[in-house]
Amino acid sequence: MNALLGVIFHFIGGFASGSFYIPYKKVKGWSWESYWLIGGVFSWLIVPPLAAWLTIPDFWEIIQTAGSGTLGYAYLFGLLWGIGGLTYGLGVRYLGVSLGSSIILGLCMVFGALIPALYYQLNPTDGKDTIGLLFGTGWGRVVMLGLLVCIIGIIVSGKAGMRKEKELTAAPLAGDGNTAVKEADHLSGKDEYKFGLGIMVAIVSGVLSACFNFGIEAGKPMADAANALWKAAHPGQGEFLYQNNVSYVVILWGGLTTNLIWCLILNARNKTFGDYTNRKTPVLSNIIFCALAGTTWFLQFFFYGMGESKLGNGPSSWILHMAFIILIANVWGLILKEWKGVSKKTFTTVVLGIIIILISVLLVGYGNSLR
């Protein structure tokens, strides 16, 4: 039952993350840096402490009494993750929701799942999965098989993306002055698709985005404190579902720092500070869509924490989280018609990639049921 609940919570979190970028596509008249920053204020500054306040009594006292090493490393990994998150937005912009998310999160999955396991192999810690455990047990080998299958699915999706680039390059944009047609091009991402630049950004993003999982590990003493307080008040009721919400506050301060600095630099360079008050654009509507995107983004980790409380913060939780995000992002890519106009073979390839990733999710979930 714990494994099933963990999978369900990770699915909800994956759905939130795979969907968060959609509201940004409804922002009109603002530059990328402007809407990314406003959405980020909700993602990293407003919503995390609100979620902690609603779920963890005295969460601020837990942060204040945490050791400097815990706070410092959680913030540092959040800072590095912030670069990954920043370039994630650019990767999705240039590659589209489905392909961009697949490549970035695939790399993030591998690094985020295996590096902590390797670290704990060298520095054994009670309750932490090691590389030896993953390859030396039946359930661990099934989880690793799921990781391998997901990587294959990502490669297949990448192949579909390269075919898409060739076909879109050969076909001109549909826009001919018709506003509705231009809007369709924008929603599908066809008007900004740049595979070469996008793939370089995606690699950087994928590697650094894994730092969020390292931040969760670094902030674990705060989560453990929240868990201990809850269990003392609710004896015999298992692990605290929301224990990680206190760690997210500190980790996301780091993410806010990176993104705030870069977006303000772009605002100054591109002279786009006027976006926030430009009455020629639907300012209130834009803010609402940014708030919706930012809040939806945070919900991925809100539910990740719930899934992690059922499965543990080992490779399984991270792999499931990433796989579900990739799966949902690819489905959104189909819904938004990012693959409209490509050949039947290209379309079949991306659908095959989605199916393979779904199989990987089932494998990881099954592996955890054997544990």
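In what follows, the accompanying structure is described.

## Concerning the overall build of the protein chain
Stage number 1. Scanning the protein chain from terminus to terminus reveals 15 helices and 0 strands.
Stage number 2. Relative to its length of 371 residues, the protein chain is compact, with a C-alpha radius of gyration of 21 Å against a globular reference of 21 Å.
Stage number 3. Along the three orthogonal principal directions, the C-alpha set of the protein chain runs to about 65 × 45 × 30 Å.
Stage number 4. The 371 residues of the protein chain split such that 54% are buried.
Stage number 5. If you take every contact in the protein chain between residues at least 6 apart in sequence, the share linking residues at least 24 apart comes to 81%.
Stage number 6. Surface accessibility of the protein chain: about 15900 Å² in total, with carbon and sulfur atoms responsible for 70%.
Stage number 7. Counting 25 positive and 18 negative side-chain charges, the protein chain places the centres of these two groups 10 Å from one another.

## Structural notes on the environment of Asn2
Stage number 1. Along the chain, the position of Asn2 falls in helix H1 (residues 2-19).
Stage number 2. Distance from Asn2 to Lys310, taken between C-alpha atoms, is 5.2 Å for residues 308 residues apart in sequence.
Stage number 3. For Asn2, the contacting residues outside a window of four places in its chain are Lys310 and Leu311.

## Structural notes on a nonpolar patch on the surface
Stage number 1. On the surface, Leu4, Ile8, Phe11, Ile12 and Phe15 cluster together to form a nonpolar patch covering roughly 430 Å² of accessible area.
Stage number 2. Within the secondary structure, Ile12 is located in helix H1.

## Quick look at the nonpolar core
For soluble globular proteins, nonpolar side chains are generally found buried alongside one another.
Stage number 1. In terms of nonpolar packing, the biggest core is built from 88 residues, with Trp36 and Phe212 touching the most fellow members.
Stage number 2. Element by element, the count of residues in this core is highest for helix H13 (residues 283-311), at 11 residues.
Stage number 3. Apart from the residues lying within four places of it in its own chain, the contact partners of Phe212 are Trp81, Tyr248, Ile251, Leu252, Phe301 and Trp318.

## With respect to the pattern of salt bridges
Stage number 1. In total, this model carries 2 salt bridges according to the counting rule given.
Stage number 2. The closest approach of N and O atoms between Glu239 and Lys231, which form a salt bridge, is 3.0 Å.
Stage number 3. Judged by relative accessible area, Glu239 falls into the partly exposed class, the value being 37%.
Stage number 4. By relative accessible area, Lys231 is classed as partly exposed at 35%.

## A closer look at helix H11 (residues 220-233)
Stage number 1. With 14 residues, H11 extends 20 Å from end C-alpha to end C-alpha; this agrees with the ideal 20 Å at 1.5 Å per step.
Stage number 2. Along H11, the positions that sit buried rather than exposed are Lys220, Met222, Ala223, Ala226, Asn227 and Trp230. Across the axial projection of H11, the buried residues extend over an arc of 160°, all falling on one side. Relative to its buried face, H11 has exposed residues pointing more than 90 degrees away, namely Leu229 and Ala232.

## With respect to the packing of aromatic side chains
Stage number 1. For the structure on display, the rule yields 27 aromatic pairs.
Stage number 2. Look at Phe212 and Tyr248: their rings are 6.0 Å apart centre to centre, the planes differ by 45°, and that puts the pair in the tilted class. Separated by 36 residues along the polypeptide, Phe212 in helix H10 (residues 211-218) and Tyr248 in helix H12 (residues 245-270) bring together distant segments of the chain. Across this residue pair, the class does not change: Phe212 and Tyr248 are buried.
Stage number 3. Of the aromatic side chains, those joined through ring pairs into one cluster are Trp44, Trp81, Phe212, Tyr248, Trp297, Phe298, Phe301 and Tyr304.

## Section: unusual backbone geometry
Stage number 1. Positive phi values are uncommon outside glycine, yet Asp58 reaches one of about 60°.
Stage number 2. Position of Asp58 relative to the elements: it lies in the loop between helix H2 (32-55) and helix H3 (59-65).

## Thoughts on the side chain of Asn267
Stage number 1. Following the sequence through the fold, Asn267 ends up in helix H12.
Stage number 2. A distance of 3.2 Å separates the side chain of Asn267 from the side chain of Ser34, its partner in a polar contact.
Stage number 3. Setting aside its immediate chain neighbours within four residues, Asn267 contacts Ser31, Glu33, Ser34, Leu37, Thr272, Phe273 and Tyr276.

## Quick notes on the environment of Leu336
Stage number 1. On the secondary structure map, Leu336 appears in the loop between helix H14 (315-335) and helix H15 (344-369).
Stage number 2. Exposure remark for Leu336: the relative accessible area of 16% places this residue in the buried category.
Stage number 3. Residues Leu336 and Ile22 lie 314 residues apart in sequence; the distance between their C-alpha atoms is 9.1 Å.

## Thoughts on the packing of H2 against H12
The description of two packed helices rests on the angle between their axes and on the distance between the axes.
Stage number 1. At a minimum axis distance of 9 Å, the contact between H2 and H12 shows a crossing angle of 165°. Judged by the angle between their axes, H2 and H12 are roughly antiparallel. Classified by chirality, the crossing of H12 by H2 is left-handed.
Stage number 2. The residue inventory of the contact of H2 with H12, partitioned by class, reads 16 nonpolar, 8 polar and 1 charged.

About the criteria used
- Residues numbered from 1 in each chain as written.
- Predicted model: local features only at pLDDT ≥ 70, side-chain atom pairs only at ≥ 80, totals over all residues.
- Heavy atoms only, no water.
- Helix = DSSP H or I, 4+ residues; strand = E, 2+ residues; numbered from the N terminus.
- Rg over C-alpha atoms; globule rule 2.2 N^0.38 Å.
- Buried < 20%, exposed > 50% of the residue type's maximum accessible area, 1.4 Å probe, protein only.
- Contact = heavy atoms within 4.5 Å.
- Areas by Shrake-Rupley, 256 points an atom, 1.4 Å probe, with all protein chains shown as cover.
- Lys, Arg positive; Asp, Glu negative; His and termini not counted.
- Charge placed at Lys NZ, Arg CZ, Asp CG, Glu CD.
- Patch = residues over 30% accessible without salt bridge, like charges linked within 9 Å, V, L, I, M, F, W, Y side chains within 5 Å.
- Salt bridge = Lys/Arg side-chain N within 4 Å of Asp/Glu carboxyl O.
- Core = buried A, V, L, I, M, F, W, Y, C linked by side-chain atoms within 4.5 Å.
- Expected span 1.5 Å × (residues − 1).
- Arc of directions from axis to C-beta.
- Phe/Tyr/Trp six-rings, centres within 6.5 Å; stacked < 30°, edge-to-face > 60°.
- Polar contact = N/O pair within 3.5 Å; in protein donor to acceptor, adjacent residues only side chain to side chain.
- Axes fitted to C-alpha atoms, helices over the stretch in contact; angles between N-to-C directions.
- Parallel < 35°, antiparallel > 145°, perpendicular 65-115°, else oblique.
- Left-handed = near helix turned anticlockwise from the far one by under 90°.
- Nonpolar A, V, L, I, M, F, W, Y, C, P; charged D, E, K, R; others polar.

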